[in-house]
Amino acid sequence: GQNIDQPTEMTATEGAIVQINCTYQTSGFNGLFWYQQHAGEAPTFLSYNVLDGLEEKGRFSSFLSRSKGYSYLLLKELQMKDSASYLCAIKVGNQGGKLIFGQGTELSVKP
Amino acid sequence: KAGVTQTPRYLIKTRGQQVTLSCSPISGHRSVSWYQQTPGQGLQFLFEYFSETQRNKGNFPGRFSGRQFSNSRSEMNVSTLELGDSALYLCASSYQTSLFYSGANVLTFGAGSRLTVL
């Protein structure tokens, strides 16, 4: 089966840097996604990693280590609007639109 | 271009009733997936349709069913509603060129249909 773990809650200060970790166990790994979900809204795509290494996109970066079953999402220069739930999800095999999601990490950014 | 549209946005049903939810994907997207989101279980995969065929199904009872039409619009149905079916039902579409697409199929989610079962 598949298992994904990420912290339930995190708190950080505006302007700071925060790292949200995600560990997973699965067979047939075929990519890892990060989504952001504000309360009452739809999840929105942040990043995708399928090879080891760091992907940078503006203030957000995502890292993957396939051998360790580990990923992190790095948010720099935190803003109040970054307060949201961050969802780690893995794609298994070529199963199209089927993603296995973690429980999500609720990030609170304080002034 | 228009996003993923889900209707209705909110609905209240009583136990034993059935409900049908609708999803219109982004134009050109042939894959539609459905997810259930609850505070306790998070996002859980229900099923996926591609070109009117169900290609994947999650671990939900047979009361949960779906279909996809030739224009890629999709519906999901839940029969004999239970209190535990109260959840946010999210539809997501993605662009895939074939049934065995191996690329980074980014899911674009709709705003969801929030179902309350009393």
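The notes below deal with the structure included here. (Residues numbered from 1 in each chain as written. Chains lettered and ligands numbered in written order. Predicted model: local features only at pLDDT ≥ 70, side-chain atom pairs only at ≥ 80, totals over all residues. Heavy atoms only, no water.)

So, about the pairing of strand E7 (residues 60–65) of chain A. Residue and element names in this part refer to chain A. Of all 6 residues that make up E7, 5 are buried, and the element is covered over most of its length. Here strand E6 (residues 53–57) runs beside E7; their pairing, made up of 5 bridges, is antiparallel. When the bridges of E7 are listed, Glu 56 appears paired with Ser 61. Sheet topology note: the E7/strand E8 (residues 70–75) ladder contains 6 bridges and is antiparallel. Looking at E8, one finds that Ser 61 is bridged to Leu 74. (Buried < 20%, exposed > 50% of the residue type's maximum accessible area, 1.4 Å probe, protein only. Helix = DSSP H or I, 4+ residues; strand = E, 2+ residues; numbered from the N terminus. Pairing = 2+ DSSP bridges.)

This part covers the interface of chain B and chain A. Listed as interface residues are 25 residues of chain B and, on the opposing side, 18 residues of chain A. For the pair chain B and chain A, the summed buried area comes to about 1,700 Å², and 52% of that belongs to carbon and sulfur atoms. The interface formed by chain B and chain A includes 0 salt bridges. Counting every contact that joins chain B to chain A gives 5 residue pairs in polar contact (both at pLDDT 80 or more). Elements with a contribution of two residues or more to the side of chain B that touches chain A: strand E4 (31–38), strand E5 (42–50) and strand E6 (53–57) of chain B. Tallied by class, residues from the side of chain B that touches chain A come to 11 nonpolar, 12 polar and 2 charged. (Contact = heavy atoms within 4.5 Å. Buried area = accessible area lost by both parts, 1.4 Å probe. Salt bridge = Lys/Arg side-chain N within 4 Å of Asp/Glu carboxyl O. Polar contact = N/O pair within 3.5 Å; in protein donor to acceptor, adjacent residues only side chain to side chain. Nonpolar A, V, L, I, M, F, W, Y, C, P; charged D, E, K, R; others polar.)

Residue and element names in this part refer to chain A. Inspection of the secondary structure puts Lys 81 in the loop between E8 and strand E9 (84–92). For Lys 81 and Ser 67, which are 14 residues apart along the polypeptide, the C-alpha to C-alpha distance reads 33 Å. Residues within four places of Lys 81 in sequence aside, it is in contact with His 38 and Arg 59.

In this section: the sheet that holds strand E8 (residues 74–78) of chain B. Sheet strands associate in pairs through backbone hydrogen bonding, adopting either a parallel or an antiparallel arrangement. Residue and element names in this part refer to chain B. As summarised here, the arrangement of the 4 strands in space is E1-E3-E8-E7, forming an open sheet in which the pairing is antiparallel. Looking at the sheet topology across the chains shown, the edges are occupied by strand E1 (5–7) and strand E7 (64–68). The sheet shows a mean angle of 15° between the axes of neighbouring strands, direction not considered. With 3 bridges connecting them, E1 and strand E3 (residues 19–24) associate as antiparallel partners. Residue pairing for E3: Gln 6 is matched across the bridge by Cys 23. (Axes fitted to C-alpha atoms, helices over the stretch in contact; angles between N-to-C directions.)

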